[in-house]
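Secondary and tertiary structure notes
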Amino acid sequence: MTWFASPSEAVTRLRQTGYLSDDAIATSVFLAGVLQKPLLAEGPAGVGKTQLAKAIAEATGSDLVRLQCYEGLDEARALYEWNYKKQLLRIQADDDAWDDIFAEEFLLERPLLKAIRSDRPTVLLIDETDKADVEVEGLLLEILSDFQVTIPELGTITATRRPFVVLTSNATRELSEALKRRCLYLHLDYPTPERERDIVLAQVPGIAETVAEQLARTAATLRALELKKSPSIAETVDWAHTLLALGREVLDEQTVSETLGVVLKHHSDQQRAAKELGLR
Amino acid sequence: MIDRHIGFVHALRETGLPVSLAEGLDAANALRHLDLADRQTLREAYAATLVKRPQHREGFDVLFDLWFPSTTQGPPKHRDDDPEDLRTELAGLLAGDPGRPEFRAFAQAMVERFGQVQAGPGRQSWFSFPVMRALSPQTLIARLLGERGGLPEKIARQRVTTNIAAFEAAVAADVRRRIAEEQGRERITRSAVKPPIDRRDFLRVTKAELAEMRREIHPLARRLATRLSMKHKKGDRGRLDFRRTVRASLQSGGVPLTTHLKPRRPHKPELVVLTDASDSVAGFAQFTLLLTFALREQFTKVRAFAFVDTVDEITKYFAPGTDVLDAITRMTTEADISRFGRTDYGHVLRTFEERHASALTPKTSLLILGDARSNYQPPNTEILKRLTEKVRHAYWLNPEPREQWDTGDSVASGYAAIISMHECRNVHQLAALIENTDVGG
């Protein structure tokens, strides 16, 4: 199946779902589709990495299967598990059942296996890959390069229809070279003020264009300061919602200093911003 | 096309980008599916398949512009208007969106007009500085700001400075393109690409690069902290956790099939940092200090001392939640670290032993940061020896390249005989050191 016909088609279809892309995003999404390779999106928190996967699923009308990574994630929760309670019951009920307790009906599907066996078009989102232990990467290698899973008792299961795989990472640690080599790489960063203005306009209906412009410019100014945590796109959007709720028509100094807590979440960052921007 | 592709991949490798054979093939494969006339798509396709680290992107873009120069605009229009009119035009562009094609076209026309300089007898070459000098965009800022004071001015200023940087980059790119046209791509490849930020020498960074490095601190600290805590976990299992084992055995009918162990309590060392704050190593010392404090959660206690020719404790300036830049300014103005302003390691070690020896205990790791250049004063190595004997681990990080140790007034190897001294010239080496030595555990 072809996911997108060209990069420009990817732009239009993603835009229909409310996701504004740029050249880099559109090209790598398109390539991930035609080359059937996983897409690794890396970047700071809140720039729309997870949102990208959701938008792809919506734009192509596919199912979204999500695997949230965390420390201590293992095979049993990522890939598959045997339903041992059911197996025990079967053995107790029927003494000759030893042979057929490793069958389909005792298999518990976990996200990875589910995405591979699905016969509908599927987007597999492996979220925050950097949070998982290094061993999980090894597990992912077989799946991401050949789209197959080996279950010792059943044999190898190969994908009938290759899912569109999106991995996200906040870069809290370097992912292994082996994993990166198998993926297309997309670095998502804070957007240009022009693009951020359009995002705010698309995400927050009812906001005035001048306010959106001011918000985007102010966010860019804040990001240029040396802060512990720069405001993310998600936070700029929250900021827009806040202004809308407060009924402010213009983003002046008074408003900024009152609502700074929406975008800056460290006390020292707020103090620094107040000092540098000349707020009270 | 194939030749160009292979040449490009080779050039990338030559400048230090690790491109594997498989990745090169991926890129070639991607080209089959693309409209090659669309330069921006081509650039992103190469980036997606070959560049897997954000630090490498800058160098990649420079090389891409050399290998696949934009040809769509045709020859730039020759401009011989009055420089003052050109400045007005530039001001107009700087107030707008730098993504527009006119912006780049103007930069190219300006290089054509001002960029050519006599480089030697009978030789002409292209440079960016005459362009920037003729137009001096910095002096346009005042004209462009319009609104004065407070927030609107800050925002306008931020916008203009980013656009000026974009203009400078466009000029530099066009200069490189012209040089490549005249002298061949291969010649310029090596000089055009700067090493990525984590490989740049601490002692040679510019102010802007230092700011960029400081921005890297928190991600770096977070990454190191994860690595260090993972190191603790691995194979580090303590005694049987009876309660959890019995609880788990209920699943298997009371038979304890799996045993659970208590995680061993992580060892958290105390850290004493002694740092050279003299101007010669200021960038390095600042960066390392900040990193140590960012890593605070890994240590039960961090105490920092700074010195030029006498030593003072600076821990209080780096209290949690304080602003990084404030801390550094306060440290340099308030702390008593300098008498005559010339580094004197011997005297510093003596004062440290007299006043602050109690900071060192058998649980402490001692970290000394400095270039070991003591202005020909006695090095007092025996004091350093006494200090290192008091602590659990002692390390010396030297920002100078190893070849320069012991040249001039450096007494590096005299100290290196007593304490393990490491070359630490860039962020990359620093990160490798923290991961591989047991400073953190």
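Only a predicted model underlies this, so the values are computations on that prediction, with no experimental measurement involved. (Residues numbered from 1 in each chain as written. Chains lettered and ligands numbered in written order. Predicted model: local features only at pLDDT ≥ 70, side-chain atom pairs only at ≥ 80, totals over all residues. Heavy atoms only, no water.)

**Regarding the overall build of chain A**
This is how the line gets drawn: A run of H or I in DSSP counts as a helix once it spans at least four residues, and a run of E counts as a strand once it spans at least two, with each numbered from the N terminus. In this scheme, a residue with accessible area under 20% of its type's maximum is buried, one over 50% is exposed, and one in between is partly exposed, where area comes from a 1.4 Å probe on protein chains only. Only the protein chains shown count as cover for residues, and the accessible areas themselves come from Shrake-Rupley with a 1.4 Å probe.
Helices and strands together make up the secondary structure of chain A, namely 13 helices and nine strands. If one aligns the C-alpha atoms of chain A with their principal axes, the spans along those axes are about 80 × 40 × 35 Å. The buried share of chain A, taken over its 280 residues, is 52%. Roughly 12100 Å² of accessible area belongs to chain A as shown, and the carbon and sulfur atoms make up 50% of that amount.

**Topic: the side chain of Arg373 of chain B**
All names here are of chain B. The line we're drawing: Any pair of nitrogen or oxygen atoms within 3.5 Å is treated as a polar contact; in protein, a donor-acceptor pairing is required on top of that, and neighbouring residues in sequence qualify only through side-chain atoms on both sides. Two residues qualify as a contact provided that any one of their heavy atoms is within 4.5 Å of a heavy atom in the partner residue.
Locating Arg373 in the fold gives a position in the loop between strand 8 (364-369) and helix 16 (381-390). Within the structure, the side chain of Arg373 is placed 2.9 Å from the backbone oxygen of Thr407, a separation counted as a polar contact. A distance of 3.0 Å separates a polar atom in the side chain of Arg373 from a polar atom in the side chain of Asp409. Excluding its chain neighbours within four sequence positions, the residues that come into contact with Arg373 are Thr343, Tyr345, Glu400, Gln404, Thr407, Gly408, Asp409 and Ser410.

**Remarks on a nonpolar patch on the surface**
For the record, the criterion: Like charges are joined within 9 Å and nonpolar side chains (Val, Leu, Ile, Met, Phe, Trp, Tyr) within 5 Å, but only among residues with over 30% relative accessible area and no salt bridge; these make up the patches. The term salt bridge refers to a pairing of a side-chain nitrogen on Lys or Arg with a carboxyl oxygen on Asp or Glu at a separation within 4 Å.
Where nonpolar side chains cluster on the molecular surface, the patch consists of Leu240, Phe242, Val246 and Leu261 of chain B and spans about 370 Å² of accessible area. You can see Leu261 of chain B is positioned in strand 4 (residues 261-263).

**Comments concerning the sheet that holds strand 9 (residues 393-398) of chain B**
All names here are of chain B. Rules: Strand pairing is assigned whenever DSSP detects at least two bridges linking the two strands. Axis definition: a line fit to C-alpha positions, over the contact stretch in the case of helices; interaxial angles, taken between N-to-C directions, run 0 to 180 degrees.
Strand order in the open sheet formed by six strands is 7-6-5-8-9-10, with mixed pairing between adjacent strands. Looking at strand neighbours, the two that pair on one side only are strand 7 (311-313) and strand 10 (420-423), the edges of this open sheet. Ignoring which end each strand starts from, the neighbouring axes of this sheet average 20 degrees apart. Pairing of strand 9 with strand 10, which is carried by four bridges, proceeds in the parallel orientation. When the sheet's bridge partners are listed, Trp396 is paired in strand 10 with Met421.

**With respect to the state of the cysteines**
Residue and element names in this part refer to chain A. Let me state the cut-off plainly: Working definition: a disulfide is two cysteine sulfur atoms within 2.5 Å of each other.
All told, the structure shown has zero disulfides over all chains when counted by the stated rule. Of all cysteine sulfurs, the one in Cys183 lies closest to Cys69, which takes part in no disulfide; the gap is 12 Å. Looking at Cys69, the relative accessible area reads 3%, which means it is buried. Classification of Cys183 as buried rests on a relative accessible area of 1%.

**Some words on the interface of chain A and chain B**
We apply this condition: We define buried area as the total accessible area lost by two parts upon association, computed with a 1.4 Å probe and summed across both. In this count, Pro and Cys sit with the nonpolar residues alongside Ala, Val, Leu, Ile, Met, Phe, Trp and Tyr, while Asp, Glu, Lys and Arg are called charged and the others, Gly among them, polar.
Taken together, the contact between chain A and chain B spans 44 residues of the former and 43 residues of the latter. Interface area, chain A with chain B, both sides summed: about 3900 Å², of which 56% is carbon and sulfur. Two residues, Lys37 of chain A and Asp26 of chain B, come together in a salt bridge whose shortest N-O distance is 3.1 Å. The interface formed by chain A and chain B includes six residue pairs in polar contact (both at pLDDT 80 or more). Looking at the side of chain A that touches chain B, the elements with two or more residues in it are helix 2 (23-35), helix 8 (177-182), strand 9 (184-187), helix 10 (209-224), helix 12 (253-259) and helix 13 (267-276) of chain A. When residues in the side of chain A that touches chain B are grouped by element, the largest group, eight residues, is from helix 2 of chain A. The residue makeup of the side of chain A that touches chain B, split by class, is 16 nonpolar, eight polar and 20 charged.

**Focus: the pattern of salt bridges**
All names here are of chain B. Within this structure, the stated rule accounts for 38 salt bridges over all chains. The shortest N-O distance in the salt bridge between Glu44 and Arg57 comes to 3.4 Å. With Glu44 in helix 3 (residues 39-50) and Arg57 in helix 4 (residues 57-67), the pair connects residues that are 13 residues apart, well separated along the chain. Given the relative accessible area of 25%, Arg57 is considered partly exposed. The salt bridge partner of Glu400 is Arg373, with a shortest N-O separation of 2.6 Å. Within this pair, whereas Glu400 is found in the loop between strand 9 and helix 17 (412-416), its partner Arg373 is found in the loop between strand 8 and helix 16, the two being separated by 27 residues in sequence.

**Brief notes about the domain arrangement of chain A**
Residue and element names in this part refer to chain A. Definition in use: The source of the domain bounds is an automatic or database domain assignment.
You can read the domains of chain A as domain 1 (7-187) and domain 2 (193-276). Using only C-alpha atoms to locate each centre, domain 1 and domain 2 end up separated by 34 Å. Buried surface at the junction of domain 1 and domain 2, both sides included, amounts to about 570 Å², of which 55% is carbon and sulfur. Applying the counting criterion to the domain 1 and domain 2 interface returns one salt bridge. The interface formed by domain 1 and domain 2 contains four residue pairs in polar contact (both at pLDDT 80 or more). Residues that form the side of domain 1 that touches domain 2 fall into these classes: four nonpolar, three polar and one charged.

**Some thoughts on the sheet that holds strand 8 (residues 164-169) of chain A**
Residue and element names in this part refer to chain A. With parallel pairing, the five strands of this open sheet are ordered in space as 2-5-8-1-9. Only two strands of the sheet have a single partner each, and these edge strands are strand 2 (63-68) and strand 9. Direction aside, neighbouring strands of the sheet carry axes that sit 20 degrees apart on average. Here strand 1 (residues 39-42) pairs with strand 9 via four bridges, running parallel. Its bridge partner lying in strand 9, Glu42 is registered against His187. Sitting on the sheet, helix 2 touches strand 1, strand 8 and strand 9, and the angle it makes with strand 9 is about 160 degrees.

**A word on the packing of aromatic side chains**
Note on aromatic pairs: each is described by the distance of the centres and the angle between the planes. All names here are of chain B. Threshold: Between 30 and 60 degrees the pair is tilted, below 30 it is stacked and above 60 it is edge-to-face, where a pair is any two Phe, Tyr or Trp rings, Trp via its six-membered ring, whose centres lie within 6.5 Å.
Throughout the structure, instances matching the rule amount to 20 aromatic pairs over all chains. A ring pair is formed by Phe106 and Phe167, whose centres lie 6.1 Å apart and whose planes are at 35 degrees; its orientation type is tilted. Taken together, the residues Phe106 in helix 6 (residues 101-114) and Phe167 in helix 9 (residues 150-183) connect sequence positions 61 residues apart. For Phe167, a relative accessible area of 1% puts it in the buried group.

**Some thoughts on the domain arrangement of chain B**
Each assigned domain of chain B is listed here: domain 1 (2-67), domain 2 (83-194), domain 3 (214-234 + 267-436) and domain 4 (240-266). Using C-alpha coordinates to define each centre, domain 2 of chain B is positioned 41 Å away from domain 3 of chain B.

**Some points on the packing of helix 6 of chain B against helix 9 of chain B**
Residues and elements named next belong to chain B. Heads up, the rule is: Reported orientations rely on four angle classes, namely roughly parallel under 35 degrees, roughly antiparallel over 145, roughly perpendicular from 65 to 115, and oblique for the rest. Helix crossings get a hand from a simple test, with the near helix turned counterclockwise from the far one by less than a right angle marking a left-handed crossing and a clockwise turn marking a right-handed one.
Following both chains from N to C, one finds helix 6 and helix 9 inclined at 55 degrees, their axes separated by 9 Å at the closest point. With respect to each other, helix 6 and helix 9 are oriented oblique. Helix 9 is crossed by helix 6, and the crossing has right-handed handedness. Contacts between helix 6 and helix 9 involve Phe103, Phe106, Ala107, Gln108, Val111 and Glu112 from the first element and Asn163, Ala166, Phe167, Ala170, Val171, Asp174, Val175, Arg177 and Arg178 from the second. Of the residues contributing to the contact of helix 6 with helix 9, the split by class is nine nonpolar, two polar and four charged.

**Looking at unusual backbone geometry**
Phi at Phe147 of chain A is positive, roughly 50 degrees, even though this residue is not glycine. Tracing the sequence through the fold places Phe147 of chain A in the loop between helix 7 (134-146) and strand 6 (148-151). With a phi close to 70 degrees, Asp406 of chain B is a non-glycine residue in the positive phi region. Residue position: Asp406 of chain B is located in the loop between strand 9 and helix 17. In this structure Asp406 of chain B comes out as partly exposed when scored by relative accessible area, which is 39%.

**Focus: the environment of Pro69 of chain B**
Here Pro69 of chain B lies in the loop between helix 4 and helix 5 (83-94). For Pro69 of chain B, the contacting residues outside a window of four places in its chain are Arg4, Arg39, Phe64 and Arg177 of chain B.

**Details of helix 13 of chain A**
Among the residues of helix 13 of chain A, Ser268, Asp269, Arg272, Ala273 and Ala274 of chain A are the ones counted as buried. Of the residues trailing helix 13 of chain A, Gly278 of chain A is marked for its positive phi of about 70 degrees.

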